[in-house]
Amino acid sequence: MKLGAVTYNVLKDWDVETIIKNLEAAGFEGVELRTGHKHGVEVTLPADEREKVRKRFERSKIRLVSFGSTCEFHSPDPAVRKKNVEDGKRFIELAHDTGAWGVKVRPNGLPKEVPVETTVKNIGECLRELGEYGAGRGVEVWMEVHGSATSNPRICADIMKVARHQQVGLCWNSNPGDIVDGSVRQSFQLLRPWLKSAHINELSRPAYPWRELFTLMRESKYDRYTLCECPESKEPERFLTYYKALWTELTRPCA
């Protein structure tokens, strides 16, 4: 597996050049560009600027892994869901043009006014439509394990079963709800068939079994990115070097 970072929030005030320079210096290998940050790589970017972004990452040691959109599909209103799907398609086009692997989307709750099964179906069907759109452009769609109730691993598994598309998968989010009796094994094994990306956060947080998570990833031959998603730091470059050192130790196979 590889270490990368989400621009949320340590990197949020850096442009593309600074992101690449500082991640290379700290020994990171990839980045997810979250929408709304200073990097400015958004769906409004014209074609020539998209090409510049693609070429800049190709010249670097940093892979443009994904775009972190805020597209979500849990609304009971079909018009709202349709708007989010169309927004998701624009991010897929941006990913294709800039050479990114995937687009992160999310659920953000279960509306109380409709049955859970209906919301699961709505989200899954929207993901399938995006998966179809992404398939023709070589872009995957990663649903973050996110939101009140929708971060429940069983709910996420049910959504994936509705989506049923090879381009659609999950982004592990290192939530407290992953832990059952001090272990993430149960949640990980449930979601592993769809795991295509992972957000990790404060590796110094003792309540989360990081070494177990990374061991499970290694044993299951997960060879994609684990992306640092942490609060901003007053010394971001220094923070990244310490984060890389701790990640290296926690992912090291035990004797």
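Conventions we followed
Residues numbered from 1 in each chain as written. Predicted model: local features only at pLDDT ≥ 70, side-chain atom pairs only at ≥ 80, totals over all residues. Heavy atoms only, no water. Phe/Tyr/Trp six-rings, centres within 6.5 Å; stacked < 30°, edge-to-face > 60°. Helix = DSSP H or I, 4+ residues; strand = E, 2+ residues; numbered from the N terminus. Buried < 20%, exposed > 50% of the residue type's maximum accessible area, 1.4 Å probe, protein only. Lys NZ or Arg CZ within 6 Å of the ring centre and 35° of its normal. 1 Å grid on protein atoms, 1.4 Å probe; cavity = no way out; pocket = protein on both sides within 12 Å on 5 of 7 lines; lining within 4 Å. Points joined across faces, edges and corners; volume = space filled by probe spheres on them. Nonpolar A, V, L, I, M, F, W, Y, C, P; charged D, E, K, R; others polar. Salt bridge = Lys/Arg side-chain N within 4 Å of Asp/Glu carboxyl O. Contact = heavy atoms within 4.5 Å. Polar contact = N/O pair within 3.5 Å; in protein donor to acceptor, adjacent residues only side chain to side chain.

A.B. asks: Summarise the packing of aromatic side chains; cite the residues concerned and give the values.
C.D. replies: The tally for this structure, following the rule as stated, stands at 6 aromatic pairs. Each ring, one from W101 and one from W142, has its centre 6.1 Å from the other, and the planes form 75 degrees; the classification is edge-to-face. Highlighted residues: W101 in the loop between α3 (78-98) and β4 (102-106) and W142 in strand β5 (residues 140-144), separated in sequence by 41 residues. Each member of the pair W101 and W142 is classed as buried. Ring geometry for F239 and Y243: centres 5.6 Å apart, planes at 40 degrees, overall tilted. Of the two residues, F239 and Y243 are both situated in helix α8 (residues 236-250); the distance of 4 residues between them amounts to about one turn of the helix. One aromatic cluster is present, built from ring pairs that chain together W101, W142 and Y225. Here the guanidinium or amino end of K2 rests over the ring plane of Y225, the centre of that ring lying 5.6 Å away.

A.B. asks: Break down unusual backbone geometry for me, citing the residues and quoting the values.
C.D. replies: Following Y8, the chain continues to N9 via a peptide bond in cis, the omega torsion being 5 degrees. Counting through the fold element by element, N9 comes out in the loop between β1 (2-6) and α1 (16-26). Here S174, not a glycine, exhibits a phi torsion of approximately 55 degrees, which is positive. Of note, the phi angle at K221 is positive, near 65 degrees, even though the residue is not glycine. Looking at where K221 falls in the secondary structure, it is placed in the loop between α7 (210-219) and β8 (225-228).

A.B. asks: So what's going on with the layout of surface pockets? Which residues, and what values?
C.D. replies: Roughly 200 Å³ of internal volume is contained in the largest pocket. Contributing to the lining of the largest pocket are 13 residues, with Y8, E144, H146, N173 and E229 lying nearest its centre. Elements represented by at least two residues in the lining of the largest pocket include exactly β2 (30-34) and β4. Of the residues belonging to the lining of the largest pocket, the class tally is 2 nonpolar, 5 polar and 6 charged.

A.B. asks: Lay out the pattern of salt bridges in plain terms, naming residues and giving numbers.
C.D. replies: Tallied over the entire structure, the rule returns 20 salt bridges. A salt bridge links E51 to R54; the shortest N-O distance between them is 2.4 Å. In this pair, E51 and R54 are both assigned in helix α2 (residues 47-58), 3 residues apart and thus about one turn of the helix distant. A salt bridge links E58 to R54, with the nearest nitrogen and oxygen atoms 2.6 Å apart. Of the two residues, E58 and R54 are both situated in helix α2; the distance of 4 residues between them amounts to about one turn of the helix. Salt bridges sharing common partners tie together E86, K89, R90, E93 and E129.

A.B. asks: Go over the environment of W142 with me, naming the residues and quoting the values.
C.D. replies: We classify W142 as buried; its relative accessible area is 0%. Sequence-wise, W142 and G68 are 74 residues apart; in three dimensions their C-alpha atoms are separated by 9.4 Å. Residues contacting W142, with those up to four places away along its chain left out, are V65, S66, W101, G102, V103, K104, V105, G169, C171, K196, S197 and R224. A polar contact of 2.8 Å, which involves the side chain of W142, links it to the side chain of E140.

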